[in-house]
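What follows is each chain in one-letter form.
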Amino acid sequence: MKKKVNAVCAVLCGLLPVWGLLVLLARRSPDGVERWYSQGFYPVWARALITVTSPLPFSLAEILVIGATLLAVWWLVSFARALWKGDRPRRGIARDYLLWGGGACSVVLTLFLLGGGFNYYRHTFTQMSGLAPVASPLEELESLCRELAADANALREGLPEDAAGVTLLAQSHQEMARAAAASYHQLMEDQPDWDYFQLSTRCLPKAVFFSEAMSYMEIVGVFFPYTDEANVNIHTTDFDIPFAACHELAHISGFMREDEANFLAYAACRASEDPFFRYSGAATALIHAGNALYSKDPDRYFQVMEGACDGLRRDFAASSAYYQSHHTSFGEFSTKVNDTYLKVNSQPQGVATYGRMVDLLLADYRVRHGLD
């Protein structure tokens, strides 16, 4: 039995250099990735997974992550125990366990690449949509911030609040998930040329049971390519949740770059028929654009924010307090891990890529106002 297992693991390990070569080719050929994978193989693979996982009332991804973590711990303990007992030569023990570990890593990499990993190397959404980010004057960024602040102010009126005056998501998480999927359906109706989001309309984002743990890791959502699930942290401030759900659904449709997923989340929220989603999109976009404005000219930023309504101020203060209360050194480590992951997958700016959303917001602003 062990010989058969070792033989299978050896074959799996042999796939590692093959996948490495394919990744190198993918980096050099976005046209090929777009044609054969992003618009060929991936939609079929993802649709099959979504059909199985989306109806589940829980996050299968969460269970698999916990199971994989326990399995990894068992592997390490078993390895150490085998070496300690010394029933056979240590070289043979090390060979077997490393072979099994290599086989497991090969399976993980294979399923990652099949389930969305190659989408990192497809055409950018800028190429597909015609939105062209260019250098913008500071006055244009300020105008964008003022527009987003005005939208957020108007949308904030009449939303449900808790005792502290902070907005409440007055719907179940299942209803929220359906509203997120419907937002992408509406986005495609509003933008007929953007017909790339069929998968997003089929997938229902999942509320993560251990959401508070995600907060300590400074994570608001996770796309899990092994099950094609969009997983959302529901322990954050409520106005963060719709935007996070739409962000992860952008990944479901194959847009893996964080700047693009952030912009698409805003676009989907803006198109939504749900007022809370529209508010979530405008408020979150204002945070991103406002941060960019603050980094360039703090005075202009404070002038814009002077016009923020009291409700918007309370929401921003509550969000800031929440994340400060969950800031830990482990969260910093998690952010560094995510930073490395993004850089490995052709996003050289790492977590700073999230800020590039503003370039797309400005490109969209210019199109809507006829400035191009």
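In this report, we go over the structure that sits alongside the text. (Residues numbered from 1 in each chain as written. Predicted model: local features only at pLDDT ≥ 70, side-chain atom pairs only at ≥ 80, totals over all residues. Heavy atoms only, no water.)

### A few points about the overall build of the chain
And step 1. Looking only at helices and strands, the chain features 16 helices and 3 strands.
And step 2. A compact globule built from 372 residues should have a C-alpha radius of gyration of about 21 Å, and the chain, at 23 Å, falls within 12% of that.
And step 3. Its C-alpha atoms give the chain principal-axis dimensions of roughly 75 × 45 × 40 Å.
And step 4. Here the chain, with 372 residues, has 48% of them falling under the buried criterion.
And step 5. Taking as baseline every contact in the chain between residues at least 6 positions apart, the subset at least 24 positions apart corresponds to 75%. (Helix = DSSP H or I, 4+ residues; strand = E, 2+ residues; numbered from the N terminus. Rg over C-alpha atoms; globule rule 2.2 N^0.38 Å. Buried < 20%, exposed > 50% of the residue type's maximum accessible area, 1.4 Å probe, protein only. Contact = heavy atoms within 4.5 Å.)

### Quick word on the environment of glutamate 306
And step 1. Within the fold, glutamate 306 resides in the loop between helix H13 (298-305) and helix H14 (310-325).
And step 2. The exposed category is assigned to glutamate 306, whose relative accessible area is 62%.
And step 3. For glutamate 306 and alanine 149, which are 157 residues apart along the polypeptide, the C-alpha to C-alpha distance reads 9.8 Å.

### As for unusual backbone geometry
And step 1. Unlike most non-glycine residues, glutamate 218 shows phi in positive territory, near 60°.
And step 2. With respect to the helices, strands and loops of the structure, glutamate 218 is situated in the loop between helix H9 (211-216) and strand S2 (221-224).

### Comments concerning the pairing of strand S3 (residues 229-232)
And step 1. Alternating residues of S3 divide into Glu229 and Asn231 and Ala230 and Val232, and every residue in both groups is buried.
And step 2. Note that S2 and S3 share 4 bridges and pair antiparallel. Looking across to S3, one finds that glycine 221 is bridged to valine 232.
And step 3. The hairpin formed by S2 and S3 contains 4 residues between the paired strands, and aspartate 228 there has a positive phi angle of roughly 50°. (Pairing = 2+ DSSP bridges.)

### Section: a nonpolar patch on the surface
And step 1. Taken together, the side chains of Leu15, Val18, Leu21, Leu22, Leu24 and Leu25 make up a nonpolar region of the molecular surface, amounting to roughly 500 Å² of accessible area.
And step 2. Relative to the helices and strands, leucine 15 is located in helix H1 (residues 2-28).
And step 3. In this structure leucine 15 comes out as partly exposed when scored by relative accessible area, which is 33%. (Patch = residues over 30% accessible without salt bridge, like charges linked within 9 Å, V, L, I, M, F, W, Y side chains within 5 Å. Areas by Shrake-Rupley, 256 points an atom, 1.4 Å probe, with all protein chains shown as cover. Salt bridge = Lys/Arg side-chain N within 4 Å of Asp/Glu carboxyl O.)

### Things to note about the environment of leucine 56
And step 1. Looking at the element boundaries, leucine 56 is found in the loop between helix H2 (30-53) and helix H3 (60-85).
And step 2. For the pair leucine 56 and leucine 99, spaced 43 residues apart in the sequence, the C-alpha separation amounts to 34 Å.

### Focus on the packing of aromatic side chains
And step 1. Tallied over the full model, the rule gives 25 aromatic pairs.
And step 2. With a centroid separation of 6.3 Å and 85° between ring planes, the pair formed by phenylalanine 125 and tyrosine 196 is classed as edge-to-face. You can see phenylalanine 125 sitting in helix H5 (residues 125-129) and its partner tyrosine 196 sitting in the loop between helix H7 (173-190) and helix H8 (198-202), a full 71 residues away along the chain. (Phe/Tyr/Trp six-rings, centres within 6.5 Å; stacked < 30°, edge-to-face > 60°.)

### Quick look at the layout of surface pockets
And step 1. By volume, the second largest pocket amounts to about 230 Å³.
And step 2. Together, Ser38, Gln39, Pro43, Arg47, Arg122, Asp195, Tyr196, Phe197, Gln198, Leu199 and Ser253 line the second largest pocket.
And step 3. When contributions to the lining of the second largest pocket are tallied by element, the ones reaching two or more residues are H2 and H8.
And step 4. For the lining of the second largest pocket, the leading source of residues is H2, giving 4 residues. (1 Å grid on protein atoms, 1.4 Å probe; cavity = no way out; pocket = protein on both sides within 12 Å on 5 of 7 lines; lining within 4 Å. Points joined across faces, edges and corners; volume = space filled by probe spheres on them.)

### Regarding the sheet that holds strand S1 (residues 206-207)
The pairing of strands in a sheet comes from backbone hydrogen bonds and takes either a parallel or an antiparallel form.
And step 1. Taken in spatial order, the 3 strands line up as S1-S3-S2 in an open sheet, and their pairing is mixed. The sheet is open, and its two borders are formed by S1 and S2, each paired with just one other strand.
And step 2. Packed onto the sheet, helix H10 (residues 240-252) meets S2 and S3 and runs at close to 160° relative to S3. (Axes fitted to C-alpha atoms, helices over the stretch in contact; angles between N-to-C directions.)

### A closer look at the nonpolar core
And step 1. Ranked by size, the top nonpolar core spans 82 residues in total, and within it Leu141, Tyr184, Phe197 and Phe263 carry the most contacts.
And step 2. The biggest single contributor to this core is helix H12 (residues 275-296), with 10 residues.
And step 3. Among residues more than four places away in sequence, those in contact with phenylalanine 263 are Phe125, Leu131, Trp194, Met357, Leu360, Leu361 and Asp364. (Core = buried A, V, L, I, M, F, W, Y, C linked by side-chain atoms within 4.5 Å.)

### Describing the pattern of salt bridges
And step 1. Applying the stated criterion across every chain yields a total of 13 salt bridges.
And step 2. Arginine 146 is the partner of glutamate 142 in a salt bridge, and the nearest nitrogen-oxygen pair spans 3.0 Å. Taken together, the residues glutamate 142 and arginine 146, both in helix H6 (residues 138-156) and 4 residues apart, mark about one turn of the helix.
And step 3. Of the charged contacts, one joins glutamate 161 and arginine 156 as a salt bridge, the two residues approaching to 3.0 Å between their closest N and O atoms.
And step 4. Connected through salt bridges with shared partners, the residues Glu139, Glu142, Arg146, Asp297 and Arg300 form a single ionic network.

### Observations concerning the side chain of aspartate 274
And step 1. Relative to the helices and strands, aspartate 274 resides in the loop between helix H11 (258-271) and H12.
And step 2. At 6.6 Å, arginine 278 is the nearest oppositely charged side chain to aspartate 274, a buried residue that forms no salt bridge.
And step 3. There is a polar contact of 3.3 Å between the side chain of aspartate 274 and the side chain of glutamine 171.
And step 4. Other than its neighbours up to four places away in sequence, aspartate 274 contacts Gln171 and Ala179. (Lys, Arg positive; Asp, Glu negative; His and termini not counted. Polar contact = N/O pair within 3.5 Å; in protein donor to acceptor, adjacent residues only side chain to side chain.)

### Quick word on the environment of isoleucine 50
And step 1. Position of isoleucine 50 among the secondary structure elements: in helix H2.
And step 2. Here the alpha-carbon distance between isoleucine 50 and leucine 199, two residues 149 residues apart in the chain, equals 8.3 Å.
And step 3. The contact partners of isoleucine 50, leaving out residues within four places of it in the chain, are Pro55, Leu199, Arg202, Cys203, Asp228 and Ile252.

### Topic: the side chain of glutamate 140
And step 1. Locating glutamate 140 in the fold gives a position in helix H6.
And step 2. Under the relative-accessibility criterion, glutamate 140 is labelled buried at 14%.
And step 3. Among all residues touching glutamate 140, those that are not within four sequence positions of it are Leu362, Tyr365, Arg366 and Leu371.

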